[in-house]
Amino acid sequence: MSVSQPEVNQKKNSTGANLKQNIGKFLNKMGIIVVVVLLCLLFSVLSSDFLTWNNIVNVARQTSISAILAAGMTFVILTGGIDLSIGAIVALAGVCAVSFSGFMPAPLAIIGGITVGGLAGYVNGILTSVSRLPAIIVTLGSMTYLRGIAYVVTGGYPLMVESNFFKSIGTGYLGPIPVPVIIMIAVFAIAHVVLKYTSFGRNIYMVGGNEEAARLTGIKVTSSLTWVYTISGICAGIAGVILAARLFSAQPNAGMGYELDAIAAVVLGGTSLVGGVGFIVGSLFGALFMGVLSNGLTLLNVPYYWQLIIKGLVIVLAIYIDRVRRKKS
Amino acid sequence: MSEGPILQLKGITKTFPGVKSLDNVSMDVRQGEVLALMGENGAGKSTLMKVVCGVYFPDEGDIIYHGKKESWSGPLDARKKGISVIHQELKLATNLTVGENVLMGAEVPKNKFGLIKWDEVNTRAKDLLESIGSDLDPKLLVSSLSVAQQQIVEIARALSIQADIIIMDEPSATLSSKEIDKLFSLIELLKSKNVAIVYVSHRMEEIFKISDRCTVLRDGQYVGTVNTKDTDERELIKLMVGREVNVTKKKVAKQIDRRKETPVLAVNKLSDGKELIDGTLEVYSGEIVGVAGLVGSGRSELLQAIFGHTKAKAGTIKLNGEVIHNKDPRSAIQKGIALVPESRKDQSLFLDLGVGENISVIKIPTNTHFGFIKRKVIQQIEEDYKKKLNVKTPNLATKILNLSGGNQQKAIIARWLSIAPKVLLLDEPTRGVDVGAKAEIYEIIHQLAKEGFSVIVVSSELPEIMSLSDRAYVMHEGNVVGELTGDQINQEAIMTYATGGKIG
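Residues numbered from 1 in each chain as written. Chains lettered and ligands numbered in written order. Predicted model: local features only at pLDDT ≥ 70, side-chain atom pairs only at ≥ 80, totals over all residues. Heavy atoms only, no water.

Break down the overall build of chain A for me, citing the residues and quoting the values.
The secondary structure content of chain A amounts to 15 helices and four strands. Looking at chain A as a whole, 50% of its 329 residues qualify as buried. Taking contacts inside chain A between residues at least 6 apart in sequence as the whole, the part at least 24 apart equals 77%. Total accessible area on chain A is roughly 15,300 Å²; 70% of this is exposed by carbon and sulfur atoms. (Helix = DSSP H or I, 4+ residues; strand = E, 2+ residues; numbered from the N terminus. Buried < 20%, exposed > 50% of the residue type's maximum accessible area, 1.4 Å probe, protein only. Contact = heavy atoms within 4.5 Å. Areas by Shrake-Rupley, 256 points an atom, 1.4 Å probe, with all protein chains shown as cover.)

Any details on the nonpolar core? Residues and values, ideally.
Core analysis: the biggest nonpolar cluster contains 141 residues, and Phe 166 of chain A together with Leu 265, Leu 302, Phe 307, Trp 416 and Leu 425 of chain B have the highest contact counts within it. A per-element tally of this core places helix H12 (residues 221–247) of chain A first, with 14 residues. Domain assignment of the residues forming this core places at least three in each of domain 2 (263–336 + 422–434 + 451–504) and domain 3 (342–420) of chain B. Not counting chain neighbours up to four residues away, the residues in contact with Leu 425 of chain B comprise Leu 303, Ile 306, Phe 307, Ile 337, Ala 338, Leu 339, Val 340 and Ile 456 of chain B. In this structure, Ala 36, Val 98, Ala 148 and Ile 207 of chain B belong to the second largest nonpolar core, which totals 47 residues. (Core = buried A, V, L, I, M, F, W, Y, C linked by side-chain atoms within 4.5 Å. Domains from an automatic or database assignment.)

Describe in detail the interface of chain A and chain B, supporting the description with residues and values.
In this complex, chain A contributes 26 residues to the contact, which on the side of chain B involves 39 residues. Of the roughly 2,900 Å² buried at the junction of chain A and chain B (both faces included), carbon and sulfur atoms supply 62%. Viewed at the interface, chain B and chain A are joined by one salt bridge. We note a salt bridge from Arg 202 of chain A to Glu 357 of chain B, for which the minimum N-O separation is 2.5 Å. Mapped by element, the contributors of at least two residues to the side of chain A that touches chain B are helix H1 (7–12), helix H9 (179–197), helix H10 (199–209) and helix H11 (211–216) of chain A. It is H11 of chain A that provides the largest number of residues to the side of chain A that touches chain B, a total of five residues. Tallied by class, residues from the side of chain A that touches chain B come to eleven nonpolar, nine polar and six charged. (Buried area = accessible area lost by both parts, 1.4 Å probe. Salt bridge = Lys/Arg side-chain N within 4 Å of Asp/Glu carboxyl O. Nonpolar A, V, L, I, M, F, W, Y, C, P; charged D, E, K, R; others polar.)

Residues and numbers for the environment of Gln 149 of chain B, please.
Residues and elements named next belong to chain B. Tracing the chain through its elements places Gln 149 in helix H5 (residues 147–159). Along the backbone, Gln 149 and Ser 134 are 15 residues apart, and their C-alpha atoms lie at a distance of 9.0 Å. Here the side chain of Gln 149 touches Ser 146 through a polar contact of 2.9 Å, landing on its backbone nitrogen. (Polar contact = N/O pair within 3.5 Å; in protein donor to acceptor, adjacent residues only side chain to side chain.)

How would you sum up the pairing of strand S19 (residues 423–427) of chain B? Please name residues and give values.
All names here are of chain B. Counting buried positions along S19 gives five out of five residues, so the element sits mostly inside the fold. Here strand S16 (residues 337–340) runs beside S19; their pairing, made up of four bridges, is parallel. Bridge pairing links Val 340 to Leu 426 in S19. With five bridges joining them, S19 and strand S20 (residues 454–458) adopt parallel strand pairing. Within the sheet, the bridge partner assigned to Leu 425 lies in S20 and is Ile 456. (Pairing = 2+ DSSP bridges.)

With reference to specific residues and values, describe a negative patch on the surface.
Residues and elements named next belong to chain B. Negative charge collects at one region of the surface, where Glu 205, Asp 230, Asp 232, Glu 233 and Glu 235 lie side by side. For Asp 230, the position within the fold is in the loop between strand S10 (221–227) and helix H8 (233–241). Assessed through its relative accessible area of 56%, Asp 230 is described here as exposed. (Patch = residues over 30% accessible without salt bridge, like charges linked within 9 Å, V, L, I, M, F, W, Y side chains within 5 Å. Lys, Arg positive; Asp, Glu negative; His and termini not counted. Charge placed at Lys NZ, Arg CZ, Asp CG, Glu CD.)

So what's going on with the pattern of salt bridges? Which residues, and what values?
All names here are of chain B. Counted under the stated rule, the structure contains 23 salt bridges over all chains. For Glu 120, the salt bridge identified is with Lys 117, shortest N-O distance 3.5 Å. Relative accessible area serves as the criterion here: at 32%, Glu 120 is assigned to the partly exposed category. The exposure class of Lys 117 is partly exposed, given its relative accessible area of 35%. Among the salt bridges present, the one from Arg 431 reaches Glu 428, with a minimum N-O distance of 3.6 Å. Residue classification places Arg 431 among the partly exposed residues on the basis of a relative accessible area of 23%. For Glu 428, a relative accessible area of 5% translates into the label buried.

I'd like to hear about empty space enclosed by the protein, residue by residue, with values.
Residue and element names in this part refer to chain B. On inspection of all chains with the given rule, the structure shows three cavities of 30 Å³ or more. The computed volume of the largest cavity comes to approximately 170 Å³. In terms of lining, the largest cavity is formed by 15 residues, of which the most central are Glu 170, Arg 203, Arg 431, Gly 432 and Glu 461. Classifying every residue of the lining of the largest cavity by side-chain character gives two nonpolar, seven polar and six charged. Of the domains in this structure, domain 1 (5–241) and domain 2 (263–336 + 422–434 + 451–504) are the two that each give at least three residues to the lining of the largest cavity. A breakdown of the residues in the lining of the second largest cavity according to their chemical character gives eight nonpolar, four polar and no charged. (1 Å grid on protein atoms, 1.4 Å probe; cavity = no way out; pocket = protein on both sides within 12 Å on 5 of 7 lines; lining within 4 Å. Points joined across faces, edges and corners; volume = space filled by probe spheres on them.)

Residue-level account of the packing of helix H3 (residues 31–46) of chain A against helix H14 (residues 280–299) of chain A, with values.
Residues and elements named next belong to chain A. Contact geometry for H3 and H14: axes closest at 9 Å, N-to-C directions at 15°. In terms of axis orientation, H3 runs roughly parallel to H14. At the point where H3 passes H14, the crossing takes the left-handed sense. Each of Ile 32, Ile 33, Val 35, Val 36, Leu 39, Cys 40 and Phe 43 in H3 lies in contact with H14, whose residues at this interface are Gly 282, Phe 285, Gly 286, Phe 289, Val 292, Leu 293, Gly 296 and Leu 297. (Axes fitted to C-alpha atoms, helices over the stretch in contact; angles between N-to-C directions. Parallel < 35°, antiparallel > 145°, perpendicular 65-115°, else oblique. Left-handed = near helix turned anticlockwise from the far one by under 90°.)

Structure, rendered in structure tokens:
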């Protein structure tokens, strides 16, 4: 609710006040980080197993897949769109990569699987941006037909992963850190740089913030939209490969409901569903929040059914608190 | 006609984090009067009205209504007690019927099963509409109405609850002059029914035509109240800005020798196949050309067709003598055409982004290195144009939604100047901008013309056309029907053409 103030007034502010303002700004933007830290503290008090190296690595590895999906979803939601098809893409990319690995070297097969994910996303993007169909409808459709294709490719059976290289993507370590975690960090680093420092990244914020204004300032709206769905598809492809590698098998029914976890992570991270406002690091911590929560509850021996109830309620509560906080500021 | 005050505000103070929006404001509203509430943007008019209609709760001060101290629990409570608001941006459910909208918020007639009695809804709405002299059919969908008709629906809705006070927030902003006349006779009618009207507007001519008294706010403080018939425009502006401002500066029109020069932009019989039928105009180097006409006469459509925002179905556009085709705004921009569109919020601003990015948006794609933005270059551009246009902002990272309308508009003009356009198209450049910033924007436009830019200005405000233009075109029902130069650019000539008349 602030009204513009002349520069002169602003300069009078002491640096102390500025620092306070900056911390406030940081907390406002990164509230989810604070929440994750608090949650970790809580679980380390309640369970002696929580704060062990093994458990931390375990949480990070479990989170990696949903975090990578959330990264792609962040791009889409920043434009004001939504992508419901990523769960199906996880399955399709997984079965494609594994079946490719039957007749080509594993690295190529993996790239092939991710490419299939990217193509599926590209088709979503074209349908949304060129044909101007609502994203929720387009991806609701592709969620179903991509799953169908995954069943057709495998005939409904799981495909076993034979290659050790392929398996190492899901189960290997680089030094003390699991490979999926390294991939997750790389994905977020790239996403952060793209969104913050490239023309394409800024265009995404502009298209999401005001599509009409973006068009009137000569921004390539159509191609920006096509690209965000493609990126979402690529991220889902990566997640699909990791999942197959971790389970040593690709299954056509893998990844069911993953899209909803990703959306929850993005929204928990502070990205607005309306578009134009958001922050990629927030999505990472949104995903970590979900990961830590289910890990902690499991350590505390809370039954799975109850975990679902708690998780759902916590999501609603977190978003409510966030809304109240934003209104105040 | 005026009796004792129906509403008194005493020492109202309202503070938002960091800003004292209202500071000890006192005023009164009398029965059956039209009170104009004036002040620059950010003076606190809207905040004050939101206090009156129950959206905000004052930090300090009393509201005395019908002689009793009151405080509303919310807007609904205030409405029930007889305070109605007609917002600047109409708040109608456009997919519902006129009747439903009129009775929205009022008690809807229901039968004993709790189901709505549609016949009664429609007859009651029809009665209300007739009481204000309108024969609109309650069964029509609101989306099929013109803006002026929608406003009538809003007013009927305000009356559906037996309003004692109606607050009108810039009701004329989107109306043509004929429609404004209708609105005014409606206001007279309401007055005679002893309804008090609080009329918020920037337009001086209207204030003098319709209001009984004027209350002026400045920087959240009460400045004074004057009887309208005892004051003049100069005094009011002085009260509003606290100093003398000259907005109606007439300058010497630039003389163009048409036989020698090639127009920078020549548009011939441009049509979009819908609202724009025949757009024909020329603009020369260093010239400011005004385009006048009533709302809906195709002025904005003409600019949009030139800019490639809508597809041209027929006609030609020549830039420096060469025929061009703009398939989209992007290609127009690449050829050096700039458009500052009509609606800042809907068509220009990226509200959640910084002032800097809002300025540099068009320069960003061409200043990259392998896709990475050249920060230094872009920051320099932002800094330069912020200074050049005197955009007042705490810093470039401040979200643009925190700026006043005038500073937002200057930032948008800065955005377009950053590409050094050959032709600058301005659609209502001072809409929703306060008097001080308006004078500044006029100064900028004059300066641009001096520097050799070609400028086309579309405006609904005749004084704006008259004080800015070297030449002016007038549009009527999609056609450019008249061209005026120098002294010919006057109110009578423009209105004659704009209403379909002929001169000479």
